[in-house]
Structure formats: C-alpha cells, structure tokens
Amino acid sequence: MVKIGEQADFSGFGVDDESIPTDTENRWDGQPRDSDGRFDKGSKGGKKFRISRKEKSSESPKKSEKGVEKSAESGIINKKDGSYRAEKYQKNWNKASLKEITEKFKLDTVTGPNENGKLVYSSKKSDIIVVFDVNGNYFRIQDKNVDWHKRSAYLDINGKNAQNIEFSGKIRGRTKEEFQRDTHFLNTDNDK
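Note that the structure is predicted; figures quoted are calculated from it, not measured. (Residues numbered from 1 in each chain as written. Predicted model: local features only at pLDDT ≥ 70, side-chain atom pairs only at ≥ 80, totals over all residues. Heavy atoms only, no water.)

Asker: Which residues make up the layout of surface pockets, and what are the values?
Answerer: Computed from the structure, the largest pocket encloses a volume of approximately 650 Å³. Along the walls of the largest pocket sit 22 residues, with R85, K118, Y138, R140 and H184 positioned nearest its centre. For the lining of the largest pocket, the elements supplying multiple residues, two or more each, are helix 5 (82–89), strand 3 (118–122), strand 4 (128–133), strand 5 (138–143) and helix 7 (176–183). Looking at which element gives the most residues to the lining of the largest pocket, the answer is helix 7, with 5 residues. Its residues assigned to classes, the lining of the largest pocket shows 7 nonpolar, 6 polar and 9 charged. (1 Å grid on protein atoms, 1.4 Å probe; cavity = no way out; pocket = protein on both sides within 12 Å on 5 of 7 lines; lining within 4 Å. Points joined across faces, edges and corners; volume = space filled by probe spheres on them. Helix = DSSP H or I, 4+ residues; strand = E, 2+ residues; numbered from the N terminus. Nonpolar A, V, L, I, M, F, W, Y, C, P; charged D, E, K, R; others polar.)

Have a look at this one:
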C-alpha cells in the first residue's frame with residue numbers, strides 16, 4: 001500500500017518510469033500550440049466557431065418577410081406556396097369541381113384566406129372540411145376529427161379514407177404517389 005506523499009512502484013506491472021507522463025508537456029509532445037498557448041488539435045478535433053442564433057436573427061429579416069423578399073427580388077418561387085406545388089405535381093392529380101364537392105358534402109361556411117393563402121370550407125353538421133389553395137387552384141378533402149399531420153386525415157373524392165386501395169380483390173396500402181394523386185384535386189370551376 002502506498003501512503004500519501006510516497007512514489008508508487010510500477011516495476012512489477014511491466015511499466016517503466018520513462019513511459020509514464022509526468023506532466024502535460026510530455027503527453028502532447030510534438031503537437032503545435034495555438035496563439036493562446038493551448039494545444040491545437042488540428043482539423044480532426046478542433047472546434048469551429050459559429051455565430052450564435054441571436055446574432056443570426058438580428059442580421060437577417062423575419063422568416064415570413066425573408067421568403068417574400070427572395071421571391072420578389074430574385075424571382076425564386078417560394079416552395080411553401082401552393083402554385084409551386086401545383087406546377088410541380090399537378091400532372092399526377094385528379095380534376096374535380098370545388099363547387100360540386102362543397103355541395104356534395106353540404107359545406108356552407110368559408111373561412112380564410114389564412115396566411116398560406118388557403119380557404120377552408122366547413123359545416124357544423126359535417127366532419128368533413130375542404131381546404132382550397134387559392135394560389136395553386138387545388139383542394140384537398142379532410143376529416144376534421146383527425147390531426148391534419150396524419151395521413152388518415154385526407155380523404156378521396158367520395159369522402160372515404162384514402163390510405164388503402166382495393167386491388168385484385170385484396171386491400172393494400174397506397175404508395176405515396178397514389179395517395180397524393182387521390183387526395184389532391186385540381187379545381188375545374190375556372191376551366192368552363
């Protein structure tokens with residue numbers, strides 16, 4: 001047993017005194033130091049300095065203003081805009097009349113447009129709502145009792161859950177492309 005203040009003897013363990021580091025200098029021998037005298041870890045472990053979030057937010061405009069400025073100044077289309085989605089995906093979507101769908105489901109109340117440019121058609125008597133994107137001229141039918149983030153919230157043209165499809169007498173889940181096709185409807189009311 002080693003008492004405090006005595007040197008430990010490691011001779012029986014295959015360790016010689018020269019291989020035990022006595023201070024930090026020996027441990028980092030040959031490694032360069034930075035300007036503050038700290039050991040530089042190089043590109044593998046060095047820290048990269050980043051601007052804090054407060055500094056970033058003070059330099060750039062608000063999020064909602066930023067998207068508008070970009071699209072106005074450089075002509076870049078805002079990807080959250082319905083017209084962008086409609087232009088990109090409409091070739092796969094079905095067509096339907098918004099007026100006929102709102103009459104079919106007896107939707108008598110219209111709210112909006114909201115900040116995303118969407119009108120919501122609803123009724124106190126129905127669990128179905130229709131969300132119409134004004135910029136993209138398309139709509140989706142939803143079950144208002146289901147969280148809109150869930151896939152099961154979106155319905156087909158008949159107001160049925162669009163997650164599954166019957167194919168050759170068997171029920172299977174729709175692919176993403178099939179689901180998007182059967183839950184997005186281009187408005188044909190302006191085509192007439």
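Asker: Residue-level account of the pairing of strand 4, with values.
Answerer: Counted residue by residue, strand 4 has 6 buried out of 6 residues, so it is predominantly covered. Here strand 4 shows two buried faces, one formed by I128, V130 and F132 and the other by I129, V131 and D133. Both strand 3 and strand 4 contribute to a ladder of 4 bridges, which runs antiparallel. Pairing of Y121 across the sheet is with V130, part of strand 4. (Buried < 20%, exposed > 50% of the residue type's maximum accessible area, 1.4 Å probe, protein only. Pairing = 2+ DSSP bridges.)

Asker: Kindly report on the confidence of the model for the protein chain, identifying the contributing residues and their values.
Answerer: Overall, the prediction assigns the protein chain a mean pLDDT of 74, with 57% of residues at 70 or greater. Averaged pLDDT values over the elements of the protein chain bottom out at 44 in helix 4 (residues 63–74) and peak at 94 in helix 6 (residues 98–104). Here residues 23–27 is a poorly scored stretch, pLDDT under 50, and it has 4 contacts once near neighbours within four places are set aside; other chains count. Long-range and interchain partners of residues 54–72, a stretch whose pLDDT sits below 50, account for 8 contacts in this model, where long-range means more than four residues apart. (pLDDT = per-residue confidence, 0-100. Contact = heavy atoms within 4.5 Å.)

Asker: Give a detailed account of the pattern of salt bridges, specifying residues and quantitative values.
Answerer: Under the counting rule described, the total for this entry stands at 4 salt bridges. R172 is the partner of E178 in a salt bridge, and the nearest nitrogen-oxygen pair spans 2.8 Å. Given a relative accessible area of 15%, E178 falls into the buried group. Residue D182 pairs with R174 through a salt bridge whose shortest N-O separation is 2.3 Å. The exposure classification of D182 matches that of R174, with both residues buried. A single salt-bridge network, built from bridges that share partners, covers R174, R181 and D182. (Salt bridge = Lys/Arg side-chain N within 4 Å of Asp/Glu carboxyl O.)

Asker: Describe the pairing of strand 3, with residues and values.
Answerer: Pairing analysis gives 3 bridges linking strand 2 (residues 109–111) to strand 3, with the strands arranged antiparallel. In the strand pairing of strand 3, T109 is matched with S122. Remark: 6 residues form the turn of the hairpin made by strand 2 and strand 3, two consecutive strands paired antiparallel; G112 in that turn has positive phi of roughly 115°. Where strand 3 folds back onto strand 4 in an antiparallel hairpin, the turn is made up of 5 residues.

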